[in-house]
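Report on the structure
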Amino acid sequence: MEATRPKQEAVLDADYDVEAVRAAFPALQQDLYDDQPLVYLDNAATTQKPQAVIDRLTGYYTRENANVHRGVHFLSQQASDAYEAVRERMADFIGAPEAGGRPAHEQIVYTRGTTEAINLVAATWGRAELQEGDEVLLSQMEHHSNIVPWQRICEETGAQIKIIPVTDRGELVFEAFEKRLSERTKLVAVTHVSNALGTINPVEEIVRAAHEAGAKVLVDGAQSVPHLPVDVEALGADFFCFSGHKMYGPTGIGVLYGRRRLLDAMPPYQGGGDMIDEVSFEDTTYAEVPHKFEAGTPNISSVIALGAAAAWLKEQGRPRVRRHEKALLEYATERVREIDDIRLVGTAREKASVLSFLLGDVHPYDAGTVLDRMGVAVRTGHHCAQPLMEHFSIPGTVRASLACYNDRSDVDRLVEGLRKVRRMFG
Ligand code: PMP
């Protein structure tokens, strides 16, 4: 059977040319298993990369490669300028505010990704600030990377973790959150958008209540930055983390935004080159933020390509991308509901880009394997959110997650695949 991508019969948003967006992604132009056009619906795990990002990466290695911050020579200075210019671009991308007369971009710390950003905050701010009797409030829908670093630091400091429960729709129980807040709460760490359910959490309200109780707030923005226009100043977050590879950028790079006052007071994360002011065997002093947190040769090429990804996404119009993905998610939700015995997991009123479900008694892995043979890439399993799966009393789900380049034909292929799964597994 020759499978070709059908043309879109109806555009979701007249203002948004999804065909043109899609054409920017070389990986999406391929067929799998000889004749199955790739339908990529695993965007919450990682997104594909537009040509502009690939070109920036290869361009850097082709002509510009040099170490940053240490050289007087042309290439080193050029690389340093490009590396630092991306900091300004990322500050603008998330709406980081100026602080205490210092520019916004000094609050942008490069990390390996969201995971390392959270570990950095736990190992520095957490180790310095938490003590016995203190509490860290996490939601039941956190990714493991916003649970385990806090468990480890709580074990070490004697602080305790408390949980904000979720409803069966997959929304946070706000009253329970408010009840659990107290003068013991030192930190609330929540995800902006759930990677397993797509729930968009009311971060502004969470921050307001947490601040009233005197707690700081860390927001995991791994799943929000690629899909929603984000303004950290409006959200009021004290820390905000995200990953480059989920927003059309390279792997191995991410960002921690932190309020200047907090970053200044935090001890360094790792020791080494570039994070120091002066070193002697008697006394070492540290560089100013953000360099205090960036020991060693950083991931220069990925920083530079991350800048290209942010520029590319901004050019598409983030509110337009949001509208497109929202309409597509509504379409996908409706279409998937046509299938017998489907159970949607996560039906929050505010959602972004994620459709998680179970198909009767079919094991998610079996469904994922059948879909794969049809060229449809989805994720199956617990999505690194086991406590959340426990709430729903399930081991995992099938997760289709959308991005700016997906369209109705992708959803139609998913539905066709699910019908086949239904037929095969009765
Ligand atoms: N938080 C959320 C909500 C995520 O979806 C992910 C990635 N699945 C992470 C954190 C971890 O991101 P990374 O693996 O890029 O560090």
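With that out of the way, let us pick up the overall build of the chain. From N to C terminus, the chain includes 14 helices and 17 strands. A globule of 426 residues ought to have a C-alpha radius of gyration of about 22 Å, and the chain, at 22 Å, matches this closely. Dimensions of the chain, computed from C-alpha atoms along their principal axes, come out at roughly 70 × 55 × 35 Å. In the chain, buried positions account for 57% of the 426 residues. If you take every contact in the chain between residues at least 6 apart in sequence, the share linking residues at least 24 apart comes to 72%. Accessible surface, the chain as shown: approximately 18200 Å² in total, 47% of it carbon and sulfur. Averaging the locations of the 46 positively and 62 negatively charged side chains of the chain gives two centres separated by 3 Å.

Per the domain assignment, the segments of the chain are domain 1 (18–50 + 317–425) and domain 2 (56–314). If you average the C-alpha positions of domain 1 and of domain 2, the two centres end up 28 Å apart. At the junction of the two partners, domain 1 supplies 42 residues and domain 2 supplies 35 residues. For the pairing of domain 1 and domain 2, the buried interface totals around 3200 Å² over both sides, and the portion due to carbon and sulfur atoms is 55%. The partner of Glu171 in a salt bridge is Arg349, with the nearest N and O atoms 2.4 Å apart. Counting residues per element, the ones that place at least two in the side of domain 1 that touches domain 2 are helix 11 (318–337), strand 14 (354–359) and helix 13 (386–391). For the side of domain 1 that touches domain 2, a count of residues per class yields 22 nonpolar, 12 polar and 8 charged.

The final tally for this structure, using the stated rule, is 24 salt bridges. Of the charged contacts, one joins Glu294 and Arg87 as a salt bridge, the two residues approaching to 2.7 Å between their closest N and O atoms. Of the two residues, Glu294 sits in the loop between strand 12 (285–286) and helix 10 (300–316) while Arg87 sits in helix 3 (residues 74–93), which places them 207 residues apart along the sequence. Residue class for Glu294 comes out buried when judged on its relative accessible area of 7%. For Arg87, a relative accessible area of 0% puts it in the buried group. Arg335 is paired through a salt bridge with Glu338; the nearest N and O atoms lie 3.0 Å apart. Through salt bridges with shared partners, one network takes in Arg102, Glu106, Arg260, Asp264 and Glu288.

Below, the discussion takes up the packing of helix 2 (residues 51–64) against helix 3. Across the interface, helix 2 lies against helix 3 with an axial gap of 11 Å and an inter-helix angle of 160°. By the angle between their axes, helix 2 is roughly antiparallel relative to helix 3. Contact with helix 2, carried on its side by Tyr60, Arg63 and Glu64, involves Leu75, Gln78 and Ala79 of helix 3 and no other residues of that element. Of the residues in the contact of helix 2 with helix 3, the class split is 3 nonpolar, 1 polar and 2 charged.

What counts, and where the lines are drawn
- Residue indices follow the written sequence of each chain, beginning from 1 at its first position.
- In keeping with the model being predicted, local features are shown solely for residues with a pLDDT of at least 70 and side-chain atom pairs are shown and tallied solely at 80 or more, while totals for entire chains, interfaces and linings include all residues.
- The basis for every side-chain value is the complete set of non-hydrogen atoms in the structure, without hydrogens or water.
- By definition, any uninterrupted DSSP run of H or I lasting at least four residues is a helix, any uninterrupted run of E lasting at least two residues is a strand, and each is numbered from the N terminus.
- For a compact globule the rule gives 2.2 Å times the number of residues to the power 0.38, and the radius of gyration it is set against comes from C-alpha atoms.
- Whether a residue is buried, partly exposed or exposed follows from its accessible area with a 1.4 Å probe, protein chains only, as a fraction of its type maximum: under 20%, in between, or over 50%, in that order.
- In this analysis, two residues are considered to be in contact whenever any of their non-hydrogen atoms come within 4.5 Å of each other.
- For accessible areas, the Shrake-Rupley method is used with a probe of radius 1.4 Å. Any residue's cover is judged against the shown protein chains and nothing else.
- The charge count includes Lys and Arg as positive and Asp and Glu as negative, but it does not include His or the ends of the chains.
- Where a charge sits is defined by one atom per residue type, namely NZ (Lys), CZ (Arg), CG (Asp) or CD (Glu).
- In this document the domain limits rely on a domain assignment from an automatic tool or a database.
- When two parts are brought into contact, each loses some accessible area as probed by a 1.4 Å sphere; the total of that loss over both is the buried area.
- One side-chain nitrogen of Lys or Arg within 4 Å of one carboxyl oxygen of Asp or Glu is enough to make a salt bridge.
- Residue polarity is assigned by list, with Asp, Glu, Lys and Arg as charged and Ala, Val, Leu, Ile, Met, Phe, Trp, Tyr, Cys and Pro as nonpolar; anything else, Gly included, falls into the polar class.
- All axes here are fitted lines through C-alpha atoms, helices being fitted over the stretch that makes contact, and every angle between N-to-C directions spans 0 to 180 degrees.
- Roughly parallel covers angles under 35 degrees, roughly antiparallel covers those over 145, roughly perpendicular covers 65 to 115, and oblique covers all other angles.

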